[in-house]
Each structure stands twice: as structure tokens, then as C-alpha cells.
Amino acid sequence: MRVSSHFSATTTGPQQQGVTYRQIMRSTSLIGGAQAFTVLVTILRSKLIAVLVGPAGMGVAGLLTSSANLVSGLTNLGLGTSAVREVAVANSTNRPERISTVVTVLRRLVWGSGILGLLVMLALAPKLSQVAFGGTQYTFAFALLSVTLLLNQLSAGQMVVLQGTRKLQHMVKASAAGSAVGLLATAPLYYVLRVDGIAPAMIVSSAVALLFSWLYSRKVRIVALMVSREETIVEGKKMLGMGLVICLNGLVTQGASYVVRVFISNTGGVEQVGLYVAGFAIVSSYVGLIFTAMGTDYYPRLSEVAHDDGLFRTTVNQQVEIALLVLTPITSGFLVFSGWVTVLLYSSRFVPANGMIQWAALGMLLRAVGWATGMMFLAKNARRVFLWSESIANAYSVVLNILGYRLFGLTGLGCSFVVFYALYLAQILILTRVRYSFSFSRGAMRVLSIQGALAVASFLAGVLLTTPFSYLVGSVPVVLSGWFTFVELDRRVGLAAVIMELAGRWRW
């Protein structure tokens, strides 16, 4: 029996839920494998930067990146997310001309928005340097980074085509190749130029990512069509309707992140920003890869069933279950071994961020549930609800972060992360209950209760005990969480049979 048969067999009736679980696991394992490779490359890059430029250099990179993201959030029109829905819907019609029309309009929009981002970044370069660093010494660096806004937007457009048409394998290859080649191309810049190499390295990374996204998006067959200005306006409105809402939300989100980083820089110095950026990079990049892996398939799949309320709610509950099952063992491991992981990924100079990392890792479980349920607004095209919900959340996020840092320093930022996602999850559950009659299934509640308890046990062991006792005691809930995940996934998708078959294929 082929491995794929465990994941992709088609069926109807009572077995339909099992098929969906397999589809989730199939896409997660496919994208997750690529993300794991990308994370490995990110680890090597972060280690390189940490060794060569230290926490202060990480702080500079963080401020440059957050400033560029702020301008991007203002100018990218939200196309990287909103257009996925339109491409997915067009792809579900199985009409090549319909897909080609949507993709053609998308490409016109990403060019226009990318050029807009470049020009705005150039114009604001002196001001951004003044606000972020208290002087104009980084004006040239910001001017250089303006190129990345165009490159990244074009690359995002190509990846939207791959994601919307469900060409996940091409998407995986483009991401993995771009990450590997990008590391090889930028390493000499960091080695030779040190801090001065940060901006050039970011440009090179963006260019490499665009190259591979273009190469693989060409594999999607797009019929050559003449799309009129009128058609462009009509189709563009569909993308820009939700896209502008996402853009506004992205602007608010990036603005909130920017305010927090500038506040830390002005209060504690640029080195504190570096510790903050590095700490959350561990949690967001290495633990959060699960969100990227799942979201790549989840959003277009949820959009396709948005018209069927029953199937819509079932799909969300299944995603919550799988997200918690896959994420909790990884998160628990971070909670127990965060100090060791920090030194391995960066250096001993980043150990002061360890307390923040532990709290933030615990908050990732709340984020997982909030992420899966919050996606309902995007799939249902509920623009106003989505915008107001996210804007309110970002407002109290800034307040909580500033308060947490003032009271407890870096560790306080981790605490505020947990409090924020607890409040955010409550907010999302109330809204989805009122609008879509959504509630967690018994299966989702069972998984949430058990995995949540094991994660808290891991957290307490890591925080309250000293090494090596924290490792010994904390390993127990980590192992139990892993075993629970294995048993539950085996019940849903036949995981044991898949593993046995894979092992058989590797026999000599």
C-alpha cells in the first residue's frame, strides 16, 4: 500500500471526517517538511548573525525589518492573503479561463502595489531612521530596503498562485530552494560587512525568493488571455475588498509591533530589542512553523466550504484538534529545554531572554486555537468584523506589552503574550458563537484539556525547578504529550501504518 493512500483516499458519509483529518495531515506533513528545512536554514542564519553582530546587531536588524514591514503593511493591499481566496474559488470552478483572468488581475495588482511600496519607503527613509534609531545614520539602509518591498510583493503574488491552485509541492520546493540559496548568498555579506551587511543581505534574500517563486509558479498552466480594464476593475474590487481590510489590519499589527520595539529601544536600548527579537524568533519561527504549514492549505480549504455552515464548523474543529496535537509536544519541549535551545540557536549572550521565551511558548497554544477559529472571518469574507476585532486586539496588545516590560522587563513581554492571547481567544469565541453558532466539539475540548494540562506541567517544571531536575521532571509531560499525540493521530489517520510503511521503504 502506498503512503499516499492513507491520506488521500476519497469517501463519503460517516468516513468523511476521517478523510478531512487525512487531508489536514497530508498538507501539514508536506508543508511542514519544507518549513522544517526552512527553519533549519533560519537557525543557521540566526546563529551566523548572532555570532557576527551580537544582540545589538540583532536589534538593528529587528528595527529595520519592523520598519519595512510597517511600510509594506501600508502598501501591499493585503493581496498576499485576500487573493488566495479568489484564486481558490476560481480554481474550484475547473475553468482554465476563469483562473487565468483572476491570476492576470492579481499580477497587475502586485506590480502596482510593489512599486507603491518602493516609492513610499524611499520617501520615508530619513523619517524612519530618525524614529527607529534617533538619527539619520540609517537613512541609506532604509533606502536600500525599499527594493525589498517590490521584490517581496512580486514573490507573494507568485506564491498566492501556487497556494490558491493547491500546488503545494511546487510551493514547498520554491520555499526550500529560496531559503537554502538565500543563506549561501547572504553569508559572505554578514561575514565581511557585519552590521553594514544587514540591509544588502535582506535585498539578496528577497531577490532569491522571487527567483524561485517565479520559476515554480510558471509550472501552473495559465491560459494567455486579454483582460480588459473593465474586467481588471471588477476582479480587482473582489480582491481589494477584503485585501484593503487585511491591509489596514496589517498596518495596525505592524504599527503595534513597531511601537513596542521603539519603546524597548528608547527604554532599555537597542540590545534589549535584539534579545526581544531573538527570543520571539525562536517561538514564532521554530514553534510557529506549524501555523505556516497548516495555514497554507487550511485557508483555501475553509474558503471552499464557507457556504456549508455544518461542514464549515466541522472543518474548524478538526483544524483545532490537529493543531493542538501537533503543536503541544513541540511547545512542551521548548518550555522545558528553552535555556539549552537559546544557547544552541544563538549564544550565551541571549540567555537573558529565556524567561520571555518560556512564557511566550506557553501562549502559543492559545494562539493556535485563536488562529484556527479566527480564520472563519476571512473565509466568510466578514470584513468589518475582522477589522474591528483585530484592531481592538492590537490596541490592548500594545498596552499589555508596554505594561509587561515596565513591570518585569523581557520576562514581562512573555507574560503579556499569554494574557493577550487569552483575551484574544475569548473575544474570537464570543464573536464566532454569535455570528456562526460556533462551539468546540467534544473531541476538540478533550484534546484542548489534556494537551493544555500537559503544557502547563512542562511550563511549571521549566520555571520552578533548576537544572538538571527541570529536565528530568519536565521530560515526563513532554513524553506523555508526544504519546497522546501519536495515539490520537493514529486513531484519526492511521499514523502507525504510515510510519511502518515508511520504515519498510528505508530498508536496505
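See the structure above.
Residues numbered from 1 in each chain as written. Predicted model: local features only at pLDDT ≥ 70, side-chain atom pairs only at ≥ 80, totals over all residues. Heavy atoms only, no water.

## Describing a nonpolar patch on the surface
Where nonpolar side chains cluster on the molecular surface, the patch consists of V456, L460, V463, L464, L465, F469, L472 and V473 and spans about 730 Å² of accessible area. Mapped onto the nonpolar patch, the elements with two or more residues apiece are α14 (442–464) and α15 (469–493). Among the elements that line the nonpolar patch, the one with the most residues is α14, at four residues. You can see L472 is positioned in helix α15. (Patch = residues over 30% accessible without salt bridge, like charges linked within 9 Å, V, L, I, M, F, W, Y side chains within 5 Å. Areas by Shrake-Rupley, 256 points an atom, 1.4 Å probe, with all protein chains shown as cover. Salt bridge = Lys/Arg side-chain N within 4 Å of Asp/Glu carboxyl O. Helix = DSSP H or I, 4+ residues; strand = E, 2+ residues; numbered from the N terminus.)

## Re the environment of V283
Here V283 shows up in helix α9 (residues 270–287). For V283, a relative accessible area of 0% puts it in the buried group. Along the chain, V283 and T331 lie 48 residues apart, while their C-alpha atoms are 8.6 Å from each other. (Buried < 20%, exposed > 50% of the residue type's maximum accessible area, 1.4 Å probe, protein only.)

## Some words on the packing of helix α12 (residues 354–379) against α14
At a minimum axis separation of 10 Å, α12 and α14 run at an interaxial angle of 170 degrees. If you check the angle between α12 and α14, you find them roughly antiparallel. Residues Q358, W359, L362, L365 and V369 of α12 form the contact with α14, whose participating residues are L448, Q451, A455, V456, F459, G462 and V463. Of the residues that constitute the contact of α12 with α14, the class distribution is nine nonpolar, three polar and no charged. (Axes fitted to C-alpha atoms, helices over the stretch in contact; angles between N-to-C directions. Parallel < 35°, antiparallel > 145°, perpendicular 65-115°, else oblique. Contact = heavy atoms within 4.5 Å. Nonpolar A, V, L, I, M, F, W, Y, C, P; charged D, E, K, R; others polar.)

## Brief notes about helix α13 (residues 383–436)
Across its 54 residues, α13 extends only 15 Å between first and last C-alpha, which sits more than 12% below the 80 Å expected from 1.5 Å per residue. At F408, α13 shows its strongest bend, of approximately 145 degrees. Phi for S437, located one or two positions after α13, is positive at around 55 degrees. (Expected span 1.5 Å × (residues − 1). Bend = angle between axes of the 7 residues up to and from the residue.)

## Quick notes on the environment of T148
Looking at the element boundaries, T148 is found in helix α5 (residues 139–164). On a C-alpha basis, the gap between T148 and A199 in space is 9.5 Å, while along the polypeptide they are 51 residues apart. Contacts of T148, omitting those with residues within four sequence positions, involve M202, I203 and S206.

## Here's the deal with the packing of aromatic side chains
All told, the structure shown has 17 aromatic pairs when counted by the stated rule. Ring geometry for F312 against Y436: centres 6.2 Å apart, planes inclined by 75 degrees, an arrangement best described as edge-to-face. With F312 in helix α11 (residues 309–345) and Y436 in helix α13, this residue pair connects regions lying 124 residues apart in the sequence. When sorted by exposure, F312 lands in the same class as Y436, which is buried. Taken together, a centroid distance of 4.8 Å and an interplanar angle of 70 degrees make the contact between F420 and Y421 edge-to-face. (Phe/Tyr/Trp six-rings, centres within 6.5 Å; stacked < 30°, edge-to-face > 60°.)

## A few points about unusual backbone geometry
Cis rather than trans, the peptide bond between T467 and P468 has omega equal to 5 degrees. Structurally, P468 can be placed in the loop between α14 and α15. Notably, N381 is not glycine yet its phi reads approximately 60 degrees, a positive angle. If you trace the backbone, N381 turns up in the loop between α12 and α13. Here S437, not a glycine, exhibits a phi torsion of approximately 55 degrees, which is positive. Along the chain, the position of S437 falls in the loop between α13 and α14.

## Side note on the pattern of salt bridges
Enumeration according to the criterion identifies five salt bridges in this entry. Between E97 and R95 there is a salt bridge; the shortest N-O distance is 3.4 Å. The class for E97 is partly exposed, based on a relative accessible area of 38%. A relative accessible area of 41% places R95 in the partly exposed class. When the shortest N-O distance is used, the salt bridge between D309 and K380 registers 2.9 Å. On the criterion of sequence distance, the pair formed by D309 in helix α11 and K380 in the loop between α12 and α13 is long-range, its members being 71 residues apart. The class of D309 is partly exposed, set by a relative accessible area of 41%. One connected set of salt bridges, linked through shared partners, spans R446, E488 and R491.

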